[in-house]
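# Results of the structural survey
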Amino acid sequence: MNQMARRTTSGILKQLLLNNNSININHGHSWCWRRSVTYMPRPGDGAPRPVTLIPGDGIGPLVTGAVEQVMEAMHAPVFFERYDVHGDMSKVPDEVIDSIRKNKVCLKGGLATPLGGGVSSLNVQLRKELDLYASLVNCFNLPGLPTRHDNVDIVVIRENTEGEYSGLEHEVVPGVVESLKVITKFCSERIAKYAFEYAYLNNRKKVTAVHKANIMKLADGLFLESCRKVATKYPSIKYNEIIVDNCCMQLVSKPEQFDVMVTPNLYGNLVANTAAGIAGGTWVMPGGNVGADHAVFEQGASAGNVGSGKIVEQKTANPVALLLSSAMMLRHLQFPSFADRLETAVKKVISEGKYRTKDLGGDSTTTQEVVDAVVAALD
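What this report covers is the structure whose coordinates are included nearby. Every chain is numbered on its own, with residues counted from 1 as its sequence reads. This being a predicted model, a pLDDT of at least 70 is required before a residue's local features are given, and a value of 80 or more before pairs of side-chain atoms are given or counted; all residues contribute to the totals for chains, interfaces and linings. Excluding hydrogens and water, the side-chain values take into account all heavy atoms of the structure.

### A short note on the overall build of the chain
Just so we agree on the cut-off: Only runs of H or I of at least four residues qualify as helices and only runs of E of at least two qualify as strands under DSSP, and these elements are numbered from the N terminus. Throughout, a residue-residue contact means that at least one pair of heavy atoms, one from each residue, lies within 4.5 Å. Residue-level accessible areas treat just the shown protein chains as cover; the underlying method is Shrake-Rupley with a 1.4 Å probe.
The number of helices and strands found in the chain is 12 helices and 14 strands. A fraction of 76% describes how many contacts in the chain between residues 6 or more apart in sequence connect residues 24 or more apart. Element-wise, carbon and sulfur atoms account for 52% of the exposed surface of the chain, whose accessible area totals about 15900 Å².

Here is the structure:
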């Protein structure tokens, strides 16, 4: 089932970590190449770890509070440095950026992005400021949670720093706006290498590149060229390509055909949300944004979705996505046994079906009731 970051403590990764820059890898072929260590950097040595905490807007404080309670109940070796950040701020405060740079790891609730008005997304700001170039969303079936499709276990790896999210827009003349899509060889090869490295380390069999190169022949063509180049270095992993509109149709009709998907920025947002909806909804899918030096873990899909005022008032937000994302965070910090305990407890609560929030078919279950059930299910 869910293998998100589970195999990253394998002997392969330990070998990778022997050198903080790069090592020689020979896959049994005549060629030898350099694998740089950019996959989920491992800053911890077993000591308790500080983690920057951004509760965020809307339901954010509810679900981050849920994580804090469960971590405390587990006696997990992490402690949080809390900062109040809200989506209507003009920028992420410098002290928050400094905290993440120091701690290397952040757990974040949703930050609302105002529509229009020239206010940029703080979610995007964080990714660019910290060069969190890879977004990971793991969309998989949870035992006991009915969905239209079975055997769904998709990892969407999305380029996080350029494309349509470059923020290069201007009004040419009144009534005409030009928005630039930027694709570079460097970023395309970097995200492709990340996707194949992830597949290799996690025993995944296939990587699918999502594109629209039939129309955007230069921009998406460059992305495909980069993916093809990197694919040649991983002969044991099957590589294929799919046009983004056909991809969406295939996702909703036969999602089990997909394994790891690598995408440019905008397509990844659409594909991840579609895959999350197929597998049970955005409130149960874990994810993170990872760079060479830092990682920010948050709800996997729709990171800017902060819930409705009614959910906040009634305190019925679903904490499952952020709980599973915090399990990813624990593995990232080299605390796999704590991650396994947390993930197992969450899956047990979902499988039993007694405590489910409304989005999962429950009735009036509150966030706190889910938290209490997860704590009770901890081994």
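### What about empty space enclosed by the protein?
Convention followed: Put plainly, a pocket is an open set of points on a 1 Å grid over the protein atoms alone with protein on both sides within 12 Å along at least five of seven lines, a cavity is a set where a 1.4 Å probe fits but cannot get out, and a lining residue has an atom within 4 Å of a point. Grid points are joined across faces, edges and corners, and a volume is the space filled by probe spheres set on the points. The residue classification treats Ala, Val, Leu, Ile, Met, Phe, Trp, Tyr, Cys and Pro as nonpolar and Asp, Glu, Lys and Arg as charged. All others, Gly included, are polar.
Scanning the entire structure with this criterion turns up 2 cavities of 30 Å³ or more. Of the volumes computed, that of the largest cavity is approximately 100 Å³. In terms of lining, the largest cavity is formed by 15 residues, of which the most central are V63, G109, G110, Q299 and L322. Elements that contribute at least two residues to the lining of the largest cavity include exactly α2 (60–74), β14 (295–299) and α10 (320–332). For the lining of the largest cavity, a count of residues per class yields 7 nonpolar, 6 polar and 2 charged. Lining the second largest cavity we find E159, E162, G163, I183, S188, I191, F223, P264 and N265. Within the lining of the second largest cavity, the residues separate by chemical class into 4 nonpolar, 3 polar and 2 charged.

### So, the sheet that holds strand β6 (residues 134–140)
Put simply, the rule reads: Should DSSP find at least two bridges between two strands, the strands are taken to pair. Fitted lines through C-alpha atoms give the axes, limited to the stretch in contact for helices. The angle between two N-to-C directions lies from 0 to 180 degrees.
Taken together, the 10 strands give an open sheet; going across it, the order is β4-β3-β5-β14-β13-β6-β7-β12-β10-β11, and neighbouring strands pair in mixed fashion. One side of each edge strand has no neighbouring strand; the edge strands of this open sheet are β4 (78–82) and β11 (238–243). Averaged over all adjacent pairs, the angle separating strand axes in this sheet is 25°, with direction ignored. Looking at chain direction, strand β10 (residues 206–211) and β11 are connected through 6 bridges and run parallel. Paired with T208 across the strands is N240, a residue of β11. Across the face of the sheet, α10 comes into contact with β3 (49–54), β4, β5 (105–108), β6, β13 (286–290) and β14 while running at roughly 160° to β14.

### With respect to the nonpolar core
As a reminder, the rule being used: Throughout this description, the term nonpolar core refers to a set of buried Ala, Val, Leu, Ile, Met, Phe, Trp, Tyr and Cys residues connected via side-chain atoms within 4.5 Å. Type-normalised accessible area, obtained with a 1.4 Å probe on protein chains alone, sets the label of each residue: buried when under 20%, exposed when over 50%, and partly exposed for intermediate values.
By size, the foremost hydrophobic cluster in this structure holds 92 residues, and its most contacted members are I157, L330, L342 and V374. Counting residues per element, this core draws most heavily on α10, at 8 residues. Every residue in contact with I157, bar those within four places of it in the chain, is listed here: S135, L136, I191, Y194, A195, Y198, V260, M261, V262 and T263. Counting 13 residues, the second largest nonpolar core, distinct from the first, contains I97, I100, L130 and L132.

### Looking at the pattern of salt bridges
Where we set the bar: The working definition used for a salt bridge is a side-chain nitrogen of Lys or Arg within 4 Å of a carboxyl oxygen of Asp or Glu.
In total, this model carries 16 salt bridges according to the counting rule given. Residues K91 and D94 are paired through a salt bridge, measuring 3.1 Å at the closest nitrogen-oxygen approach. Overall, the relative accessible area of 48% leaves D94 in the partly exposed class. Note that K229 is salt-bridged to E189, the shortest N-O span being 3.2 Å. With K229 in helix α6 (residues 219–231) and E189 in helix α5 (residues 185–201), this residue pair connects regions lying 40 residues apart in the sequence.

### Section: the pairing of β3
Of all 6 residues making up β3, 6 are buried, and the element is well covered by its neighbours. Across the two faces of β3 the burial is the same, with R49, V51 and L53 and P50, T52 and I54 all buried. As defined by bridge partners, β3 adjoins β4 across 5 bridges and the pair is classed as parallel. For P50, the partnering residue across the bridge sits in β4 and is F79. Here 3 bridges tie β3 to β5, and the two strands are oriented parallel to one another. For T52, the partnering residue across the bridge sits in β5 and is C106.

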